[in-house]
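Descriptive analysis of the structure
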Amino acid sequence: MAIANRTETLAPSKENAASKIARHATVLSGQLQQLRTRMYPPKSEKMLRQFLTNEVSKLTSIPDSTLKLMSSEGRGPVPSRLENNHRVYTLAQINELRELFAKQKPAEALRFLPRRRPGEHLQVMAIANFKGGSAKTTTCVHLAHYLALHGYRVLALDLDPQASLSAMFGAQPEIDVGANETIYAALRYDATERRSIREIIRKTYFDGIDLVPGNLEVMEYEHETPRVLAQRSGSGAIFFERLKLALAEVEEDYDIVILDTPPSLGFLTLSAIYAATSMIITVHPAMLDVASMSQFLLMMGDLISVLDESGAQLDQDFIRYLITRHDPNDAPQSQVVAMLRHLFGTDVLLPTAIESTAVEAAGLAKRSLYELEMGQIGRDTHKRAREAVDAVNEAIVHLINTSWGRG
Ligand SMILES: Nc1ncnc2c1ncn2[C@@H]1O[C@H](COP(=O)(O)OP(=O)(O)OP(=O)(O)O)[C@@H](O)[C@H]1O
Ligand SMILES: [Mg+2]
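Residues numbered from 1 in each chain as written. Chains lettered and ligands numbered in written order. Predicted model: local features only at pLDDT ≥ 70, side-chain atom pairs only at ≥ 80, totals over all residues. Heavy atoms only, no water.

Right, let's get into the packing of aromatic side chains. Tallied over the entire structure, the rule returns 11 aromatic pairs. Both rings, one in Y205 and one in F206, keep their centres 6.0 Å apart while their planes meet at 65 degrees; by these two values the pair is edge-to-face. Accessibility classification places Y205 together with F206 in one group, the buried group. Consider the rings of F239 and F240, whose centres lie 5.3 Å apart with planes at 90 degrees: the pair is edge-to-face. Here F239 and F240 have matching classes, each one buried. The ring of Y274 carries the charged tip of K244 above its face, separated from the ring centre by 4.7 Å. (Phe/Tyr/Trp six-rings, centres within 6.5 Å; stacked < 30°, edge-to-face > 60°. Buried < 20%, exposed > 50% of the residue type's maximum accessible area, 1.4 Å probe, protein only. Lys NZ or Arg CZ within 6 Å of the ring centre and 35° of its normal.)

What follows is the structure, given as structure tokens:
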């Protein structure tokens with residue numbers, strides 16, 4: 001493969017560290033762009049697979065037999081046929097089925113179409129922990145996919161300059177996300193450049209999920225906020241209220257907003273915690289990670305009391321710890337899990353995100369387990385991992401439903 005801009009890689013004889021790093025950044029970014037064009041040509045955008053009748057039945061609680069009957073009688077959305085003649089539905093068609101059944105059986109409408117009803121508030125969930133690699137992004141993606149597959153309307157918001165969540169949704173931070181197209185555009189302090197969050201929300205290939213992408217630009221918020229605070233300059237609300245206010249603009253369009261936060265406790269993470277109506281703290285059960293989480297909690301506690309003093313109201317529906325990358329056969333991990341459960345009781349979610357090569361392999365291909373077809377990864381491995389992830393997501397959905405006053 002030809003190396004892009006080879007001449008640029010030759011360092012000038014005298015070069016200081018800053019210009020060297022800037023030069024490396026340019027060269028690397030150019031190379032990545034070339035690679036990406038080759039691996040994902042613009043035409044081959046990410047697409048969601050289709051779902052077999054038995055999967056659709058599980059997702060919608062419409063019996064297999066009803067789906068088959070409807071299809072042969074030509075009622076409802078028309079599924080495609082695989083080579084082996086099996087019926088497959090797109091997620092858009094699954095959602096059509098939901099609407100159809102909710103209309104036909106109003107008494108059971110909620111079962112088919114679980115979207116929030118009048119009086120049920122937008123659930124804004126922050127996934128946080130400043131320990132890197134605690135599976136925040138993986139948790140966000142799997143939860144977003146699970147919710148959308150079950151008929152909820154989701155906004156996924158990437159607050160991390162690394163933008164791995166955006167990448168999972170096919171928005172390569174380097175290439176597909178331009179200037180003033182991240183959440184920073186809606187938060188920034190200069191009124192002339194600020195944009196409505198509505199303008200930066202994009203549709204994704206995954207029906208029911210919209211995205212506010214991130215990239216390095218979101219770091220500007222970390223740099224600008226202290227300056228604005230010191231100079232008492234900048235237009236609009238104080239830093240921690242800005243995200244909440246931006247989300248209020250699109251409140252009606254979604255059931256759940258998922259905030260993927262960076263592995264740091266800066267102004268973005270604080271804004272997320274303030275905007276959130278609930279929080280999941282992901283924790284890998286290793287001593288070092290737990291020590292780091294302890295620091296995180298201490299700092300967060302301090303910062304929240306500072307917010308409290310400035311009149312901010314933090315009133316979350318629930319905060320839970322989620323054990324991630326859990327290996328139940330690892331004795332030291334089991335000790336840590338037992339300790340967390342002993343200390344925090346039911347604040348630690350009962351189901352855990354089991355460590356699995358299926359999640360890892362799917363992640364490398366920028367996919368969730370829900371996007372893989374059975375057989376792409378060893379059947380048993382896939383099934384076990386899928387059951388574990390489902391159990392975690394089910395527990396979270398239960399908490400959401402409870403927050404809406406559903407029994
Ligand atoms: N259950 C799991 N089994 C195996 N690998 C996992 C699992 N969950 C996450 N991983 C892997 O662990 C790595 C870190 O996960 P992820 O990116 O979700 O963490 P993060 O907390 O978002 O990291 P960061 O702090 O950098 O944002 C990824 O390579 C991911 O594929
Ligand atoms: Mg992440």
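The next subject is the domain arrangement of the protein chain. Examined at the domain level, the protein chain breaks down into domain 1 (51-110) and domain 2 (123-403). The centre of domain 1, based on its C-alpha atoms, is set 32 Å off from the matching centre of domain 2. Taken together, the contact pairs 6 residues of domain 1 with 7 residues of domain 2. With both chains or domains summed, domain 1 and domain 2 bury close to 600 Å², and 61% of this area falls on carbon and sulfur atoms. Its largest share of buried area at the contact with domain 2, domain 1 owes to L59, L91 and R98, together 64% of the area lost on that side. Put simply, domain 1 and domain 2 have 0 salt bridges between them. On inspection of domain 1 and its partner domain 2, the count reaches 1 residue pair in polar contact (both at pLDDT 80 or more). If you tally residues by element for the side of domain 1 that touches domain 2, the top one is helix α5 (residues 91-104), at 4 residues. Residues of the side of domain 1 that touches domain 2, tallied by class, amount to 4 nonpolar, 1 polar and 1 charged. (Domains from an automatic or database assignment. Contact = heavy atoms within 4.5 Å. Buried area = accessible area lost by both parts, 1.4 Å probe. Salt bridge = Lys/Arg side-chain N within 4 Å of Asp/Glu carboxyl O. Polar contact = N/O pair within 3.5 Å; in protein donor to acceptor, adjacent residues only side chain to side chain. Helix = DSSP H or I, 4+ residues; strand = E, 2+ residues; numbered from the N terminus. Nonpolar A, V, L, I, M, F, W, Y, C, P; charged D, E, K, R; others polar.)

Across the sheet, 3 strands lie side by side as β1-β3-β2; this open sheet has antiparallel pairing. If you trace the sheet from one side to the other, it starts and ends with β1 (51-52) and β2 (80-81), each paired once. One ladder, built from 2 bridges, connects β2 with strand β3 (residues 87-89); its direction is antiparallel. Within β3, the position partnered with R81 by the bridge is R87. (Pairing = 2+ DSSP bridges.)

On to the sheet that holds strand β8 (residues 256-260), then. Backbone hydrogen bonds are what pair the strands of a sheet, in a parallel or an antiparallel way. The 7 strands are arranged β6-β7-β5-β8-β4-β9-β10 in an open sheet whose pairing can be described as mixed. Edge positions in the open sheet fall to β6 (202-203) and β10 (318-323), since each of these has one partner strand only. Judged from the 4 bridges that link them, strand β4 (residues 123-128) and strand β9 (residues 278-283) form a sheet pairing that is parallel. Note that in β9 the partner of A126 across the bridge is M279.

A few words now on the environment of N393. Structurally, N393 can be placed in helix α17 (residues 379-403). Looking at N393, the relative accessible area reads 2%, which means it is buried. Residues in contact with N393, not counting those within four places in the same chain, are H142, L143, Y146 and Y370.

Per the counting criterion, the structure on display carries 19 salt bridges. For the salt bridge of D255 with R153, the shortest nitrogen-to-oxygen distance reads 2.9 Å. With D255 in the loop between α12 (239-248) and β8 and R153 in the loop between α7 (136-149) and β5 (154-158), the pair connects residues that are 102 residues apart, well separated along the chain. A network of salt bridges, in which partner residues are shared, links R116, R153, E251 and D255.

A word on the side chain of Q333. Mapped onto the elements of the fold, Q333 is located in helix α15 (residues 331-344). Note on Q333: relative accessible area 8%, which makes it buried. The residues touching Q333, leaving out its near neighbours within four places in the chain, are H284, P285, R325, H326 and D327.

Our focus in this paragraph is the pairing of β4. With 6 of 6 residues buried, β4 lies mostly within the body of the structure. Burial along β4 is two-sided: Q123, M125 and I127 and V124, A126 and A128, pointing in opposite directions, are all buried. Pairing of β4 with β8, which is carried by 5 bridges, proceeds in the parallel orientation. Following the sheet pairing, V124 is matched in β8 by V257.

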